[in-house]
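Chain residues, written in single-letter form:
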Amino acid sequence: MKRLVMLMIMGILLTGSVAYDNSPTEIQAETVKESESKPWINAYESKLKKLNKENEGYTYQLIYVNKDKIPELVVNDKTNYNCDVSLYTYGKGKVRTVMDRWMYGQAGALSYLYIPKKNVIYSDGSSGAGMERYESYMMMKNYKIVDKYKESLSSTYDGKNYTYYYGDKKISKKKYKSYQIKGKYEVIEGKYTYKQMMQKLKKLKG
């Protein structure tokens, strides 16, 4: 964990090592029954109205992080030099904040990725002109984002050889790869304006 903190302080830039699909997993109206949709849709509509008053430039999207029938709401702020993304879910009668304005770009990871319905959230970055690199695998649990592993994954390159770490402990390349989670990743980002997102929620009501 100390190594991860040091790398993030030095400045994070994504290396693009994980392939991802730019096409978002769309939420289809016909897959959601009206009786199931009303509680979270009404809650998301109320949340959107508040957010739009805060900043009309936010963009939005619905995604499925895990396997349950309620999608998560992505809120993306690209109006500032340092962009950020937030993630909300619905549970026990109200909207829950899962990611609160996580910065990316110049001030953080280039982006945050996820595997639809697999409960895997991923980011990676590098410092020292790419000589040091880290990977982070996370998941959603109890309305929060938590690490999938107890320690962080990182590697260094001396110009000839790579050295791999699990936390501060050196590990083999094979062991390192065993921690990597493969899948079809998508970017956690907003795609739609406030008006477009409200229209989509209205359609989901049936």
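Residues numbered from 1 in each chain as written. Predicted model: local features only at pLDDT ≥ 70, side-chain atom pairs only at ≥ 80, totals over all residues. Heavy atoms only, no water.

With respect to the element layout, S155 can be found in strand 10 (residues 153-157). Non-local contacts of S155, meaning those with residues more than four positions away in its chain, are made with M131, E132, R133, T163, Y164, Y165 and Y176. (Helix = DSSP H or I, 4+ residues; strand = E, 2+ residues; numbered from the N terminus. Contact = heavy atoms within 4.5 Å.)

On to the packing of aromatic side chains. Here the structure, examined in full by the defined rule, presents 10 aromatic pairs. With a centroid separation of 5.1 Å and 75 degrees between ring planes, the pair formed by Y149 and Y179 is classed as edge-to-face. One end of the pair, Y149, is in the loop between strand 9 (144-147) and strand 10; the other, Y179, is in helix 3 (residues 173-179), and 30 residues separate them in sequence. Put simply, the rings of Y122, Y137, Y149, Y166, Y179 and Y185 pair up and form one aromatic cluster. Positioned above the aromatic ring of Y64 is the side chain of K117, whose terminal nitrogen or guanidinium carbon lies 5.1 Å from the ring centre. (Phe/Tyr/Trp six-rings, centres within 6.5 Å; stacked < 30°, edge-to-face > 60°. Lys NZ or Arg CZ within 6 Å of the ring centre and 35° of its normal.)

What follows concerns the pairing of strand 2 (residues 59-63). Here strand 2 lies mainly inside the structure; five of its five residues are buried. Burial along strand 2 is two-sided: the face carrying T59, Q61 and I63 and the face carrying Y60 and L62 are both buried. (Buried < 20%, exposed > 50% of the residue type's maximum accessible area, 1.4 Å probe, protein only.)

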